[in-house]
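Here is how the chains run, residue by residue.
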Protein chains: 2
Amino acid sequence: MKITSISFKKTLYSYFEPFTISLGSHEEQENVEVCVKLKNGIEGYGEASSLFVISGETAAMLEKLHQTVEDILIGKDVESYANLFHDLQTLRATPAIKAAIEFAIVDAFCKQFNMKPYQFFGGSKNTLETDKTVGIENLENTIKKVKRIYDEGFRKIKIKVGRDVKNDIERVVKSKEVSPQASFIVDANQGFTPKEAVEFAKALYAEKVDVVIFEQPVNRYNIEGMRFVRFNSPYPVAADESVFTKYDALKLVREDAVDFINIKLMKSGLSDAMSIVHIAQAANIGLMIGCMGESSIGIRQSIHFAAGTGAFLYHDLDSHLSLKEESFRGDFVQDGPFIILE
Amino acid sequence: MKITSISFKKTLYSYFEPFTISLGSHEEQENVEVCVKLKNGIEGYGEASSLFVISGETAAMLEKLHQTVEDILIGKDVESYANLFHDLQTLRATPAIKAAIEFAIVDAFCKQFNMKPYQFFGGSKNTLETDKTVGIENLENTIKKVKRIYDEGFRKIKIKVGRDVKNDIERVVKSKEVSPQASFIVDANQGFTPKEAVEFAKALYAEKVDVVIFEQPVNRYNIEGMRFVRFNSPYPVAADESVFTKYDALKLVREDAVDFINIKLMKSGLSDAMSIVHIAQAANIGLMIGCMGESSIGIRQSIHFAAGTGAFLYHDLDSHLSLKEESFRGDFVQDGPFIILE
């Protein structure tokens, strides 16, 4: 069935509370919604969401690719999705919009065959457990928010670190005291030097903090530094900003640089995300899945992908929980940390 | 939809003419047909075909896995195919039966959603061009058969070599004279030493033979030898027997050992074949697809996979052309070298 139109729509969201990571603070999130329409009226949806400090994309610039994307897709058959994915690789500078378009294509393809996207991806499960994230805050607010999240039922808690080693150690150690059954993902967003990262990890280990993932401790391009942290830290080290494309993933495998990869559709598009799953599984590297600032219509992309493939040990799919939305537009039920596909 | 039964059926085929490779000669081919039946009556088909000298599998032993496979699959939902593929990884010693079962699952899944398997795999194209193969024969018969194949319209011709360098050089060089527009795949099936392989390749190059792939020149476990041939031969070197699993593929990538991988569903199953496609694409390694001794019902597995993914530069899908079959059971049209999916 041929693609007859593609529409882009910019949407602005406010965070319930300002959200700070080592790279910067955010109070708003601007996304681009994508709708791919087929000749028979079927519509497939996607959403592009990026943090400029991470991927260099803005909603305003993504919107300007509309004509380019129309030129690639209009008149093409949605059943030839592998060809469309191939042609969309030209969107190499803008993986967020590539992700949204590729998912919208799969969404339309699935509707065409009366199939759910998570079945297309392999139908592994229909329930996921996500973590919830606390940004960089002072000690008091960190503990308050960790406790709140813990009381909401979350047992995987992500804490942003990477600005001040001593302070970050204290923030995580004290957080443990108010959430005794929780496991932690600590995410430095490139903020540490390799030696700071090792100091940080060893200090938490000495305090018996249950850290399941230490994300992106050092600069994304410092592959040698990632490997140093991996081999000198007691916790599994995950690449996030270091891996956008499948080529990045293979390079890290060849360099023995990481224990885990954090796949985000917004960094890789659906096509490279699929490849990274296969590469990581062949390399015995663990997988988590994360998000940028997707709303409920966007986070469903990662939910279907993660549930279908069943490839991820940890799910960090909480962006929609932090944004004010006029209405919930997911095709899933959120029950505390649990996400249930209908 | 739940799987309610799985049936295995051994079938014996005769080759039109005895077929010789460096590892041995064959006059017959025994395969195992698989039928996966769903509760609603839908049936998915697969076929396992192996050459004992390559994979150590026999039809008789594959048949004995029937109960094991039933234990894994009966009562499971075909829509959860990723889970089923995961569980079928226990068939690690017998990739041919794994391939047949995995394809039968996909075949049933696709029928459930009224989709063609090649659409499931990406719908890249519906026409492929295959080569046709000449086994190890004396010079006279080699030339006679190459000419016959060329006259049938094939422009990609595969010639088996690997028993005698001087003789093989003469066989290929003289073959070129009777098929001026043909490109050649030369396949040693591990028969050469690394230095013999380089001698062979350089001799053909000096005679300006258009060799597009030099397959498995040396022993499957001699990865260092494969790399030696790769870096000392003017032609692209492909791994065949060296790559069964995705782990094998990643290892060869890490060792910079090959230019191409020859994927065969019968070596990898569908699941590892998919992974190898992703790994090779991330590593900028070329792909060809080959076969064992599949009949028309079995070769369609590779046809759908290759047409859907569009991942292969060369197709060596000719086994069904060499077997005597009571009736043609493919869902494709064979027109000389062209295979057209209906």
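Rules used throughout
- Residues numbered from 1 in each chain as written.
- Chains lettered and ligands numbered in written order.
- Predicted model: local features only at pLDDT ≥ 70, side-chain atom pairs only at ≥ 80, totals over all residues.
- Heavy atoms only, no water.
- Least-squares fit on C-alpha atoms with pLDDT ≥ 70 in both.
- Contact = heavy atoms within 4.5 Å.
- Domains from an automatic or database assignment.
- Buried area = accessible area lost by both parts, 1.4 Å probe.
- Salt bridge = Lys/Arg side-chain N within 4 Å of Asp/Glu carboxyl O.
- Polar contact = N/O pair within 3.5 Å; in protein donor to acceptor, adjacent residues only side chain to side chain.
- Helix = DSSP H or I, 4+ residues; strand = E, 2+ residues; numbered from the N terminus.
- Buried < 20%, exposed > 50% of the residue type's maximum accessible area, 1.4 Å probe, protein only.

Novice: How would you sum up the relation of the copies chain A and chain B? Please name residues and give values.
Specialist: Superposing the two chain copies requires a rotation about an axis and a translation along that axis. Superposition of chain A onto chain B requires a rotation of 180 degrees combined with a translation of 0.0 Å along the rotation axis, giving an RMSD of 0.0 Å. Put plainly, the chains are arranged around a two-fold axis. Comparing interface residues between copies, 100% of those in chain A also sit at the interface in chain B, which points to an isologous, same-surface contact.

Novice: Quick one: what's the story with the domain arrangement of chain A, residue by residue and with numbers?
Specialist: Residue and element names in this part refer to chain A. Entries for chain A in the domain assignment read domain 1 (3–114) and domain 2 (120–341). Here the C-alpha centre of domain 2 lies 23 Å away from the C-alpha centre of domain 1. Contact with domain 1, which involves 39 residues of that partner, is made by 43 residues of domain 2. The junction of domain 1 with domain 2 conceals about 3200 Å² of combined surface from both sides, 60% of it contributed by carbon and sulfur atoms. Across the domain 1-domain 2 interface, the total number found is five salt bridges. The shortest N-O distance in the salt bridge between Arg148 and Glu17 comes to 3.2 Å. Inspection of the region where domain 1 meets domain 2 yields 28 residue pairs in polar contact (both at pLDDT 80 or more). Among the elements of the structure, strand S1 (3–21), strand S2 (24–38), strand S3 (43–49), helix H1 (52–55), helix H4 (81–88) and helix H5 (95–112) are those that each provide at least two residues to the side of domain 1 that touches domain 2.

Novice: Describe the pattern of salt bridges, and please don't skip the residues or the numbers.
Specialist: Residues and elements named next belong to chain A. Summed over all chains, the structure comprises 58 salt bridges over all chains. A salt bridge links Glu17 to Lys145, with the shortest nitrogen-to-oxygen separation between them at 3.1 Å. On the criterion of sequence distance, the pair formed by Glu17 in strand S1 and Lys145 in helix H7 (residues 139–151) is long-range, its members being 128 residues apart. Given the relative accessible area of 11%, Lys145 is considered buried. Salt bridges linked by common partners bring Lys158, Lys160, Asp187, Glu215 and Asp316 together as one network.

Novice: Which residues make up the interface of chain A and chain B, and what values do they have?
Specialist: Facing 31 residues of chain A, the contacting portion of chain B comprises 31 residues. Interface area for chain A against chain B, summed over the two sides, is near 2500 Å², with a carbon-plus-sulfur share of 57%. On the chain A side of the contact with chain B, Phe113, Arg254 and His278 of chain A bury the most area, a combined 22% of that side's loss. On inspection of chain A and its partner chain B, the count reaches two salt bridges. Residue Asp256 of chain A pairs with Arg254 of chain B through a salt bridge whose shortest N-O separation is 2.7 Å. Our count for the chain A to chain B interface comes out at 16 residue pairs in polar contact (both at pLDDT 80 or more). Elements represented by at least two residues in the side of chain A that touches chain B include exactly H4, helix H6 (117–120), helix H11 (246–254), helix H12 (265–282) and helix H13 (296–309) of chain A. At six residues, the largest contribution of residues to the side of chain A that touches chain B is made by H12 of chain A.

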